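Spelled out, the chains give:
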Amino acid sequence: MHIYRISETEQSTLIGMNGGLIESPDGKRIIYARKKVLEGIGHTELWVCDHDLKNHRLIYTGKCGNHNGPSASWIDNSVVVFRDMSGDRSAIIIMDVDSGRVMHRIYAKEGHRAERGIYPFSISEEIPGLNPEHPEISKPGIYTLDVSSNEIKMIVSRNAFLEMIRSHGLTPTSENVSVSHVQLNPSATSVMMRIGVPECPVFGALGCVDIANGKTHMIKDKPVHQLWYDDESYMATRQFANGRQIEMETSYIARFSKDGEELEVLGGIGNHIDGNRDRTMFSGDRCYPGYTPDIYVYERGNKKPFITIPMSDLQKVIWEHQVHPNPSFSLDGKRLYFNRPVSETKTEASFIEI
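Residue positions are given per chain, counting from 1 as you read along its sequence in written order. Totals for whole chains, interfaces and linings use every residue, but because this is a predicted model, local features are given only for residues with pLDDT of at least 70 and side-chain atom pairs only at 80 or more, for both listing and counting. In computing side-chain values, all of the structure's heavy atoms are included and hydrogens and water are not.

**Topic: the sheet that holds strand S16 (residues 205-210)**
We count it as follows: Only strands joined by at least two bridges in the DSSP assignment are considered to pair. Every helix listed is a DSSP run of H or I at least four residues long, and every strand listed is a run of E at least two residues long, numbered separately from the N terminus. Lines fitted to C-alpha atoms define the axes, with helix axes restricted to the stretch in contact, and inter-axis angles between N-to-C directions lie between 0 and 180 degrees.
The four strands are arranged S14-S15-S16-S17 in an open sheet whose pairing can be described as antiparallel. Every interior strand has two partners, whereas the edge strands, strand S14 (179-184) and strand S17 (216-219), have only one. When strand polarity is set aside, the average angle formed by the axes of neighbouring strands in this sheet is 20°. Both strand S15 (residues 190-195) and S16 contribute to a ladder of six bridges, which runs antiparallel.

**Focus on the pattern of salt bridges**
Stated precisely, the cut-off is as follows: Salt bridges are counted wherever a side-chain nitrogen of Lys or Arg sits within 4 Å of a carboxyl oxygen of Asp or Glu. We call a residue buried when its accessible area falls under 20% of the maximum for its residue type, exposed when it is over 50%, and partly exposed in between, using a 1.4 Å probe and counting protein chains only.
Tallied over the full model, the rule gives 14 salt bridges. The partner of Arg105 in a salt bridge is Asp84, and the shortest N-O contact between them spans 3.6 Å. On the criterion of sequence distance, the pair formed by Arg105 in strand S9 (residues 101-107) and Asp84 in strand S7 (residues 79-84) is long-range, its members being 21 residues apart. The exposure class assigned to Asp84 is buried, which follows from its relative accessible area of 2%. A salt bridge links Arg113 to Glu115; its shortest N-O distance comes to 3.3 Å. Each member of the pair, Arg113 together with Glu115, is buried. Overlapping salt bridges bring together Arg5, Glu8, Arg340, Lys346 and Glu348 as one network.

**Overview of the pairing of strand S11 (residues 118-123)**
With six of six residues buried, S11 lies mostly within the body of the structure. Along S11, one buried face is formed by Ile118, Pro120 and Ser122 and the opposite face, lined by Tyr119, Phe121 and Ile123, is buried too. For strand S10 (residues 109-110) and S11, the ladder comprises two bridges, and the chain directions are antiparallel. Bridge pairing in S11 links Lys109 to Ser122. Two strands pair when backbone bridges link them, and S11 and strand S12 (residues 141-146) are joined in this way by six bridges, in the antiparallel orientation. When the bridges of S12 are listed, Tyr119 appears paired with Leu145.

Any functional reading would require information that these geometric values do not contain.
See below:
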């Protein structure tokens, strides 16, 4: 098994969130980040290269941390989205990489990835006034941006969000919309989000809203690092906690209904996960304190991996610098991308061919 580096640079390189679109939908280009220094929020460059790792080109310079890097992901074959933390507040940037034009700069919490050219994001209580060029972003809530039409619309209001939490017997931590991992299902008809609530102190809760009719779903003490499996179910890692200590040995990848019913086992040990588009293969990293964060690839339903990607035992870079492997399949399923720390001061965005 050969591990390929996306770039031969001496800088650290990073991919975004697990399950993100590292490759453009047509499979012709790759987006990744470079950082000279891993510690803290620092100088970060966004680069694009061809699928054959030629024609590397700098497209943007900003600042970012290491956890998911700048969360860079393709929206279509020429438009990308990423996070920039160079100002007083984090912004999401929508950019055409061919022209170099920044199409939108929105102060918001980034979503996971786009579906059908529609990108989701969330606005918390203090943010609306920071986007005067977008008067449609006037209140806290969850929004979408349709790149083809440039239409921005609210899909979940602040009041609907708070009512969803209360209707499922949970307590909002504040009168605020503060969520993470906002993600649309493949048809962009439902949106899910991770919610922090006091009743679920270890894993949090997973909420979902069916956009057309407003029907809500909730999973308390949710499985982790969830992604949509299809329009009606999730894939995620089932973890168990001994007190607040999460047990690596008992974790496994499974499919769940919107309301939390476990539907089938998909793979074995994992933390950050992804599945190929046909849902025949699944990958998870052993990203748990004290373990080497090896990456596994499973055939559907088999807890024994058929590929193991060994990783170095670099606890500082994994936990203090928050460089997590974040395995992500290409859309054709022929590559698996991941972050691969090679020293306590350097990590390399890498992939294997399957």
